[in-house]
Amino acid sequence: MSGFKALILAGSRGGEVDPAAAYAGVTHKGLIVLQGRTLLDRVLGAVQAAGAQTIGVSANDETIRAALAGANVKVLPPSAGPSQSVADGATTLGFPLVVTTVDHALLKPDWITQFVADTPVDADVAVLLASEERVQAAAPQTKRTYLKFRDGRYSGCNLFLLRNENALKVIAVWRKVEALRKQPWKIAAMLGPGFLIRYALGLLTLDEAVARLGRLADVKAAAVRAHDGLAAVDVDKPSDLDLVRELVGEA
C-alpha cells in the first residue's frame, strides 16, 4: 500500500496538567525535548520519513499549534475524545490513514512502513502490538501493561491503520467504550459473556480476540505484531520519560 495519510493525536484535556509534561517542565508532552528535538518534531519527522502524503495534527494547545507554524501539516481541532478526533481526522485527511500519538517518543519510520506492509490486504483496520518477549528484550527495565492471550502477552504500540471508510465503524464502538469507561459492566455486556469468559480463561489467541472485536463493529480487523519491542514504549508518565532518556543515552 502506498500513498497513506497520517494523523498525530496531540490533544490535551483542558485544565489538566499532564504529569510527564510537568515533570519535564513544559506545558505539553509534545514539547518535551529528547536528543535536542521536541517529541512533536520527532514524531512528525518519523511520519514524514515513512512517506505520508498528507499529515494532520489534532491539537488544541496553543503552544503546540504555534510550534507547527510553517510546517507542512494540517492542524485540526480535537474533539471531545480521541475516538471522535480520529473520525474527524479521517474525514478531513482521507484513507488509508495511519494514526499515532505525539508521545510516541522513539517512533521510527520503518516501524510505520513495516506495520503498513504487514497489515493483511483484506483488513479494514489494524493495530500494532508488541509481544512481551520483544518488549523485554528491547527494554528490560520497562513496565508496560500487557493483555494476556493464549499465544502470549502483548502491549499496544500506539499505531493504528484505518484502510478505508468502513473502518470508521470501529470509531462508533470506541466512542461507546469511552462513554462507558466508568461503567465497566456495560462494556462487558457489549462484548458478550462468551468473549469475556474465553478471554479470562486464556482461551483466545491475539488474532481471535481482535477478529472478534472487529466483528462487533462489523469490520475486518487485524492484529499486527511489531518487530521491535521499543515500539510499545511511549511517554505516559514521568518514569516513561526517564526510560526513553536512558534508552537514547541521555540518562
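Definitions and cut-offs
- Residues numbered from 1 in each chain as written.
- Predicted model: local features only at pLDDT ≥ 70, side-chain atom pairs only at ≥ 80, totals over all residues.
- Heavy atoms only, no water.
- Helix = DSSP H or I, 4+ residues; strand = E, 2+ residues; numbered from the N terminus.
- Rg over C-alpha atoms; globule rule 2.2 N^0.38 Å.
- Areas by Shrake-Rupley, 256 points an atom, 1.4 Å probe, with all protein chains shown as cover.
- Lys, Arg positive; Asp, Glu negative; His and termini not counted.
- Charge placed at Lys NZ, Arg CZ, Asp CG, Glu CD.
- Polar contact = N/O pair within 3.5 Å; in protein donor to acceptor, adjacent residues only side chain to side chain.
- Contact = heavy atoms within 4.5 Å.
- Buried < 20%, exposed > 50% of the residue type's maximum accessible area, 1.4 Å probe, protein only.
- Pairing = 2+ DSSP bridges.
- Arc of directions from axis to C-beta.

Asker: Outline the overall build of the chain, supporting the account with residue identities and numerical values.
Answerer: Within the chain one finds 11 helices and 10 strands. Computed over the C-alpha atoms, the radius of gyration of the chain is 18 Å, within 12% of the 18 Å expected from 2.2 N^0.38 for a compact globule of 251 residues. Taking the principal axes of the C-alpha coordinates as reference, the chain spans close to 50 × 40 × 35 Å. Accessible surface computed for the chain: about 12,000 Å², of which carbon and sulfur atoms make up 54%. Averaging the coordinates of the 28 positive side-chain charges in the chain and doing the same for the 26 negative ones gives two points 5 Å apart.

Asker: An account of the environment of Asn166 is needed here, citing residue identities and associated values.
Answerer: In this structure, Asn166 sits in the loop between strand 9 (152-162) and helix 7 (168-179). Of the polar contacts made by the side chain of Asn166, one reaches the side chain of Asp124; its length is 3.0 Å.

Asker: Just give me the short version of the environment of Val173, but keep the residues and values in it.
Answerer: Turning to its location among the elements, Val173 is positioned in helix 7. Sequence separation between Val173 and Ala126 is 47 residues, and the spatial gap between their C-alpha atoms is 15 Å. Apart from the residues lying within four places of it in its own chain, the contact partners of Val173 are Met190, Leu216 and Ala217.

Asker: Lay out unusual backbone geometry in plain terms, naming residues and giving numbers.
Answerer: Cis geometry marks the peptide bond from Phe95 to Pro96, where omega comes out at -10 degrees. Along the chain, the position of Pro96 falls in the loop between helix 4 (82-93) and strand 6 (97-101). A positive phi is found at Asp218, a non-glycine position, where the angle reads about 65 degrees. Note that Asp218 resides in the loop between helix 10 (206-216) and strand 10 (221-225). The class of Asp218 is exposed, set by a relative accessible area of 52%.

Asker: So what's going on with the pairing of strand 9? Which residues, and what values?
Answerer: Of all 11 residues making up strand 9, 8 are buried, and the element is well covered by its neighbours. Of the pairings in the sheet, the one linking strand 8 (residues 147-149) to strand 9 comprises 3 bridges and is antiparallel in character. Residue pairing in the sheet places Lys148 in a bridge with Arg153 of strand 9. Here strand 8 hands over to strand 9 after 2 residues, the two strands then running antiparallel side by side.

Asker: Which residues make up helix 11 (residues 238-247), and what values go with them?
Answerer: The complete set of buried residues in helix 11 reads Asp240, Leu241, Leu243 and Val244. The buried residues of helix 11 all sit within an arc of 160 degrees when viewed along its axis, so they share a single face. Among the residues trailing helix 11, Gly249 stands out with phi positive, at a value near 85 degrees.

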